[in-house]
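# Inside the fold
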Amino acid sequence: MKGNQPRVAVLVFPGTNSEDETARALRAAGLDASLVHWSQPETLHAFEAFVLPGGFAYEDRIRAGAVAAHDALMDGVVDAAHDGKFILGICNGAQILAEAGLVPGTGAVRRPTAAFAPNAGGRYQSLHVHMKLALAPERIPILGGIEPGEVVSAWASHGDGRLAAPDDELARIAADHLAFVYCDRAGRPVDAPNGSALGCAGLVNADGNVLAVMPHPERDAWTYQHLDADPHAVRAGTDAALAPSGGIAFFECFARAVLAEAVV
Amino acid sequence: MIRTFAVTLTIPDNEAFTAYETLARLGIPVARVTRADIWQFDVDGSAPDLARTVASIEVIHNPNKHRLAERDAHVPLPGEVWIAARDDAPSTNVAGRSVPGVRGVRRRTAWRLLDDGGRDVATGYLERAVEFLCNPAFQVALRS
């Protein structure tokens, strides 16, 4: 532990590809983030929180997230979730959490009740999006200090991001597990670009300590990554272009929650 | 009229091997897992050129690594389970293009679990495997 910073594990499976930028965003938000590989499950006890980054764990074989959800590394994550530790999944990490049954978390572990299924139209999408907090902030303790209806800017980059579930499960999700919905810059709801049910961009469990979001805030966490970034400033590498902004606020909320929990 | 084709890899099937490893980790006594892509075409008449057409669509069949076989049965073989999308509306094009005489196409994945004697594993084990191979939130498992 660096000083009294709580340690956050960024989990890496074969095929994960967003671990470095995720760890960078977590560090910029004030956390001590370390990469933990699938072969190191015995090290998980040393961490206070866990982040499952994006990528294609196990090449998305069988289904996106399915194999990783049954990996030995996830045994420790499941235990941590039940212990109330904070677990954040982004994109492929969100798919893994759904396959592990940790979100929406209405069924048994590893008996998924929902899925981030192939996009409507069957095509991979890469586009800039906004997502809006759809539940009361107190329902999402994993994002400390997030404002009601806060809009997060991010890049969506996935082929399997469409929330799918039976109707009764969708009703449960709509009532209490729909953490983020796609919206425009002003927070007005928009049709989900991937056909996601309920316009869902993110799910949370009942205790609010496990959050899964499909878009990548870590890919929009620096000014040069924004859709409207000044290309001249980006090329020049100015301080303004290299400054954290936008999606970094999402990680600052996560850090606030983790740090507050560590103090307790 | 429905015509059913199975496409299997002639090179090692990494996805089937990953399924095998995961199922073994879950305690299912399986020695080998096989996988096939099942393509079912709803065609006008008998579509006599369909097999040749399908064989020429590389997204479905690459002759360097795939074997294409037409099946008489349009349901899973004994011991086999097919995983299909729950909202299994047939696509009106085949791998992004329309094919004359084809009204719709469905794609499924066929799985078969074999024990160390080359026999299908017991039904109970197959049912346990289905809990991994199929996410019931958006998929269904079809059995013979």
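So, a few notes on the structure that sits alongside this text. What you see is a predicted model; the values in this text were computed from it and never measured.

## Side note on the nonpolar core
All names here are of chain A.
- Within the largest apolar cluster, 124 residues are counted, with the highest numbers of intra-cluster contacts made by V8, F50, I87, L97, M131 and F254.
- Examining the composition of this core, we find that nine residues originate from one element, helix α8 (residues 248-263), more than from any other.
- In this view, I87 contacts F50, V77, A80, A81, L97, L102, N209 and V210; residues no more than four positions away in its chain are not counted.

## Some details on the sheet that holds strand β2 (residues 32-37) of chain A
All names here are of chain A.
- Read from one edge to the other, the open sheet built from nine strands follows the order β2-β1-β3-β4-β11-β10-β9-β6-β7, with strand pairing classed as mixed. Sheet topology places β2 and β7 (151-158) at the edges, where each strand pairs with a single neighbour. Across the sheet, the mean angle from the axis of one strand to that of its neighbour is 25 degrees, orientation sign disregarded.
- Bridge analysis of strand β4 (residues 86-90) against strand β11 (residues 210-213) gives four bridges, and the strand direction is parallel. Each bridged residue has a counterpart across the sheet, and for G89 the counterpart in β11 is A212.
- Across the face of the sheet, α8 comes into contact with β1 (7-12), β3 (49-52), β4 and β7 while running at roughly 160 degrees to β4.

## A word on the sheet that holds strand β6 (residues 139-143) of chain B
All names here are of chain B.
- Strand order across the open sheet formed by six strands is β3-β1-β2-β5-β4-β6, with antiparallel pairing between neighbours. Looking at strand neighbours, the two that pair on one side only are β3 (66-71) and β6, the edges of this open sheet. Within this sheet the neighbouring strands show an average axis-to-axis angle of 30 degrees, counted without direction.
- Summarising the sheet, strand β1 (residues 2-9) and β3 pair through six bridges and their orientation is antiparallel. Bridging across to β3, A6 finds its partner in A69.

About the thresholds
Residues numbered from 1 in each chain as written. Chains lettered and ligands numbered in written order. Predicted model: local features only at pLDDT ≥ 70, side-chain atom pairs only at ≥ 80, totals over all residues. Core = buried A, V, L, I, M, F, W, Y, C linked by C-beta atoms within 7 Å. Buried ≥ 20, exposed ≤ 12 C-beta atoms within 10 Å, placed from the backbone. Helix = DSSP H or I, 4+ residues; strand = E, 2+ residues; numbered from the N terminus. Contact = placed C-beta atoms within 7 Å. Pairing = 2+ DSSP bridges. Axes fitted to C-alpha atoms, helices over the stretch in contact; angles between N-to-C directions.

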